[in-house]
Amino acid sequence: MLATRGRPMTLRRANPADGGIVPADLTVQGFLFPYAPERIAGPVRQGDAQVQMLADEIAAAGWPGPPRAGDWLVVDGATWLIQGANPVF
């Protein structure tokens with residue numbers, strides 16, 4: 001799915017060594033899709049989305065760890081705040 005329907009997106013994390021001013025960016029291939037209506041409950045709100053990307057691609061690039069709450073994702077010029085990330089194997 002990532003190879004055929006994925007698109008480039010940028011993971012962004014503020015760099016604490018620079019006082020959080022200069023971001024550490026990594027472009028990865030990912031797939032963004034909205035939550036199904038029946039999954040909108042609890043902390044999930046209308047307009048939220050899920051993203052799938054390869055953890056191996058992130059690790060191979062030496063980016064500082066997997067995505068985590070507080071990181072950002074830039075997709076097609078829109079910036080999304082990452083609320084959490086769960087690895088799926």
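Residues numbered from 1 in each chain as written. Predicted model: local features only at pLDDT ≥ 70, side-chain atom pairs only at ≥ 80, totals over all residues. Heavy atoms only, no water.

Draft legend 1. Up close: the layout of surface pockets. Space inside the largest pocket adds up to approximately 1,200 Å³. Considering the residues around the largest pocket, the lining is formed by 30 residues, among which Val51, Gln52, Gly84, Ala85 and Asn86 are closest to the centre. Elements with a minimum of two residues in the lining of the largest pocket: strand E3 (49-53), helix H2 (55-61) and strand E5 (78-81). When residues in the lining of the largest pocket are grouped by element, the largest group, 5 residues, is from E3. Of the residues assigned to the lining of the largest pocket, the class counts are 22 nonpolar, 5 polar and 3 charged. (1 Å grid on protein atoms, 1.4 Å probe; cavity = no way out; pocket = protein on both sides within 12 Å on 5 of 7 lines; lining within 4 Å. Points joined across faces, edges and corners; volume = space filled by probe spheres on them. Helix = DSSP H or I, 4+ residues; strand = E, 2+ residues; numbered from the N terminus. Nonpolar A, V, L, I, M, F, W, Y, C, P; charged D, E, K, R; others polar.)

Draft legend 2. Main features of the nonpolar core. Membership of the largest hydrophobic core is limited to 10 residues, which are Met9, Leu11, Leu26, Val28, Leu32, Ile58, Trp63, Leu73, Val75 and Ile82. For this core, the elements supplying multiple residues, two or more each, are strand E1 (7-14), strand E2 (23-34) and strand E4 (72-75). Of all the elements, E2 adds the most residues to this core, at 3 residues. In contact with methionine 9, other than residues within four places in its own chain, are Leu26, Thr27, Val28, Gly30, Phe31, Leu32, Val51, Met53, Leu73, Val74 and Val75. (Core = buried A, V, L, I, M, F, W, Y, C linked by side-chain atoms within 4.5 Å. Buried < 20%, exposed > 50% of the residue type's maximum accessible area, 1.4 Å probe, protein only. Contact = heavy atoms within 4.5 Å.)

Draft legend 3. Spatial organisation of the sheet that holds E2. Spatially, the 5 strands line up as an open sheet ordered E3-E2-E1-E4-E5, and their pairing is antiparallel. Each of the sheet's edge strands pairs with one partner strand only, and the pair in question is E3 and E5. Here the average twist between neighbouring strands, direction ignored, is 40°. Of the pairings in the sheet, the one linking E1 to E2 comprises 8 bridges and is antiparallel in character. Across the sheet, the residue bridging to threonine 10 is threonine 27, located in E2. (Pairing = 2+ DSSP bridges. Axes fitted to C-alpha atoms, helices over the stretch in contact; angles between N-to-C directions.)

Draft legend 4. Spatial organisation of the pattern of salt bridges. Evaluated as defined, the whole model comprises 3 salt bridges. A salt bridge links aspartate 25 to arginine 12, with the shortest nitrogen-to-oxygen separation between them at 2.8 Å. Of this pair, aspartate 25 sits in strand E2 while arginine 12 sits in strand E1, and the two are 13 residues apart along the sequence. A relative accessible area of 38% means that aspartate 25 is categorised as partly exposed. Take arginine 12: its relative accessible area is 27%, and that puts it in the partly exposed class. One salt bridge in this structure joins arginine 13 and aspartate 71, with 2.7 Å as the shortest N-O distance. With arginine 13 in strand E1 and aspartate 71 in the loop between H2 and E4, this residue pair connects regions lying 58 residues apart in the sequence. The buried category is assigned to aspartate 71, whose relative accessible area is 2%. (Salt bridge = Lys/Arg side-chain N within 4 Å of Asp/Glu carboxyl O.)

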